[in-house]
Amino acid sequence: MSEAPDVLLRPGPVPALAGQRQRAAADTAFGEVFADHMVTARWTVADGWHDAALEPFAPLELSPAAVGLHYGQSVFEGFKAYHRTPDRAAVFRPTAHARRLAASARRMALPEIPSGLFVAATEALVRQDMDWIPEGDDRSLYLRPVLFASEAHLALRPARACLFVLLAFPTGNFFGAGGRAVTVAASEEYVRAAPGGTGAAKCGGNYAGAYLAQGAAAKRGADQVVWLDAVERRWVEELGGMNLFFVYGEGDSAELRTPPLTGTILPGVTRDTLITLARDLGLRVTEAHMALDRWREDCVAGRITEVFACGTAARVTSVGRVLGADGPWTIGDGLPGPVAGRLSVELAAIHRGEAADPYGWCHLVDRGTR
Ligand code: COI
């Protein structure tokens, strides 16, 4: 792997709206209004990673024959920076996201971006656009790195030139204000990932391939699609863009179950964080397969008391109702549950610096001299 180059400042004209627009922007739809800057870095077979620069957010110059556009050689990440003070931000687990991006890149025959460059790019962008970090519960600056094949060629081979771009946008609650419990619908027709496929990689095609199923779920009145395994069409894998947790029992004896990472599920950083937090709270967490029919039976029998989804964008979101092929069922009383609530509060306290951070998950970035 090549050495990480420094991120150089490449100045240019920037709209002078930072800090004014961000309050409104946090209430717009996800990823609609972008912060003023971005970081780009280039990779070629000959030179490795080079030319890393912080520059104004602007359209890219790209050949229409760029491999990433045609063959989907493209991976991305999503992580967040939280407001601490006007001059300090906490970026959550950037190195975990750098590792996952590298794993996704390997799967898609893309070059791995060095963790040092990933973190340096993050620091440069967060420092520059600190005024874009919204304050308040559920609000943050969402950081979106994308790495794709930019070489202009249409032969079927991995590209020899790639582009990394890190951009940012302020975001609020993914499912709208209020933290309601969402409705999910199991997809009988489509599958997200098959053994040996790209399910564990955060590649663009996994998301494009989900649109039809997501649309079908929305038509049935659901917020999200539930993916079942591709072989038996029986085992619950994950939601549209989130991992799932099932809660058995209540109070301190509650036990959490989440499907194991067998290669068809995205290894969520929030999933990993919640497993750790839950265990630290004294709850038992098991990675175990969950059949769709068992999900229903255990809800009807009252054994499953709540279910929640998690992801960087959605954080911790309770699931209140499931639409199966044979009819719907409700989880508990259909409202957000206490375990999800407790984990959500614990996580938010770490983000805001109000709770101890024993694992060093928060990477602090200071504005430096103004
Ligand atoms: C995230 O949770 O950050 C995701 O990447 C899911 C989706 C919004 C693309």
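Cut-offs used in this document
- Residues numbered from 1 in each chain as written.
- Predicted model: local features only at pLDDT ≥ 70, side-chain atom pairs only at ≥ 80, totals over all residues.
- Heavy atoms only, no water.
- Helix = DSSP H or I, 4+ residues; strand = E, 2+ residues; numbered from the N terminus.
- Expected span 1.5 Å × (residues − 1).
- Buried < 20%, exposed > 50% of the residue type's maximum accessible area, 1.4 Å probe, protein only.
- Arc of directions from axis to C-beta.
- Pairing = 2+ DSSP bridges.
- Contact = heavy atoms within 4.5 Å.
- Disulfide = S-S within 2.5 Å.
- Phe/Tyr/Trp six-rings, centres within 6.5 Å; stacked < 30°, edge-to-face > 60°.
- Lys NZ or Arg CZ within 6 Å of the ring centre and 35° of its normal.
- Near = heavy atom within 4 Å.
- Polar contact = N/O pair within 3.5 Å; in protein donor to acceptor, adjacent residues only side chain to side chain.
- Areas by Shrake-Rupley, 256 points an atom, 1.4 Å probe, with all protein chains shown as cover.
- Nonpolar A, V, L, I, M, F, W, Y, C, P; charged D, E, K, R; others polar.
- Domains from an automatic or database assignment.
- Buried area = accessible area lost by both parts, 1.4 Å probe.
- Salt bridge = Lys/Arg side-chain N within 4 Å of Asp/Glu carboxyl O.

Let's talk about helix H3 (residues 94-107)
Over its 14 residues, H3 extends 20 Å from the first C-alpha to the last, a length consistent with the 20 Å expected when each residue adds 1.5 Å. By the burial criterion, the buried members of H3 are Pro94, Ala96, His97, Ala98, Arg100, Leu101, Ala102, Ser104 and Ala105. Looking one or two residues beyond H3, the residue adopting positive phi is Ala109, at roughly 55 degrees.

Looking at helix H8 (residues 292-300)
Along an α-helix, a turn takes 3.6 residues, which lines up residues three or four apart on a common side. Residues of H8 that are buried: Leu292, Trp295, Asp298 and Cys299. Along the axis of H8, the buried residues cluster in a sector spanning 130 degrees; they form a single face. Positive backbone phi, approximately 80 degrees, marks Gly302, located one or two places after H8.

Brief notes about the pairing of strand E16 (residues 315-324)
By the criterion of burial, E16 is predominantly enclosed, with nine of the 10 residues buried. Both strand E9 (residues 182-186) and E16 contribute to a ladder of four bridges, which runs parallel. Residue pairing across strands places Val184 opposite Val322, the latter belonging to E16. In the sheet, strand E15 (residues 304-311) pairs with E16 via five bridges, with the strands oriented antiparallel. Within E16, the residue paired with Cys310 across the bridge is Val316. Counting the residues between successive antiparallel strands, the hairpin from E15 to E16 contains three residues.

A short note on the environment of Val319
Within the secondary structure, Val319 sits in strand E16. The buried category is assigned to Val319, whose relative accessible area is 1%. Distance from Val319 to Ala309, taken between C-alpha atoms, is 6.9 Å for residues 10 residues apart in sequence. If sequence neighbours within four positions are ignored, Val319 has contacts with Ala181, Val182, Val184, Leu244, Val307, Phe308, Ala309 and Ile331.

Brief notes about the state of the cysteines
Disulfide: a covalent bond connecting the sulfur atoms of a pair of cysteines. Taken as a whole, this structure holds zero disulfides when the rule is applied. No disulfide involves Cys299; its nearest neighbouring cysteine sulfur is the one of Cys310, lying 17 Å away. The thiol sulfur of Cys362 is not disulfide-bonded, and the nearest other cysteine sulfur, from Cys310, lies at 17 Å.

Quick look at the environment of Pro56
The residue Pro56 is located in strand E3 (residues 48-56) in this model. Considering only alpha carbons, one finds Pro56 and Leu9, 47 residues apart in sequence, at a separation of 9.7 Å. Once residues within four sequence positions are removed from consideration, Pro56 is found in contact with Arg10, Pro11, Gly12, Pro13, Val14, Asp36, His37 and Met38.

Re the packing of aromatic side chains
All told, the structure shown has 15 aromatic pairs when counted by the stated rule. Summarising the aromatic geometry, the rings of Phe30 and Phe174 are spaced 5.1 Å apart at their centres and angled 85 degrees between planes, so their arrangement reads as edge-to-face. Separated by 144 residues along the polypeptide, Phe30 in the loop between helix H1 (21-25) and strand E2 (37-44) and Phe174 in the loop between strand E8 (161-171) and E9 bring together distant segments of the chain. Members of the aromatic cluster, connected to one another through ring pairs, are Phe30, Phe34, Phe57, Tyr142, Phe169 and Phe174. Directly above the ring of Trp235 sits Arg234, whose terminal nitrogen or CZ lies 4.4 Å from the centroid.

Description of the side chain of Arg100
Here Arg100 shows up in helix H3. Residue classification places Arg100 among the buried residues on the basis of a relative accessible area of 9%. Those residues in contact with Arg100 that sit more than four places away from it in its chain are Glu77, Gly78, Lys202, Leu266, Pro267, Gly268 and Val269.

Points about the site of the ligand
Surrounding the ligand, one finds Phe30, Phe76, Tyr142, Arg144, Phe174, Lys202, Tyr207, Gly241, Gly311, Thr312 and Ala313. Within the contact set of the ligand, an oxygen atom lies 2.6 Å away from a side-chain nitrogen or oxygen of Lys202. The separation between an oxygen atom of the ligand and a polar main-chain atom of Thr312 is 3.3 Å. When the ligand sits alone it has 280 Å² of accessible area, and the protein chains cover 88% of it. Considered class by class, the residues forming the shell around the ligand number six nonpolar, three polar and two charged.

With respect to the domain arrangement of the protein chain
According to the domain assignment, the protein chain contains domain 1 (8-172) and domain 2 (182-351). Computed from C-alpha coordinates alone, the two centres of domain 1 and domain 2 are separated by 27 Å. With 21 residues of domain 1 in contact, the opposing surface of domain 2 contributes 20 residues. Of the roughly 1800 Å² buried at the junction of domain 1 and domain 2 (both faces included), carbon and sulfur atoms supply 57%. Summed over the shared surface of domain 1 and domain 2, the result is two salt bridges. For Arg315, the salt bridge identified is with Asp138, shortest N-O distance 3.2 Å. Inspection of the domain 1/domain 2 interface yields 15 residue pairs in polar contact (both at pLDDT 80 or more). Counted by class, the side of domain 1 that touches domain 2 contains 10 nonpolar, four polar and seven charged residues.

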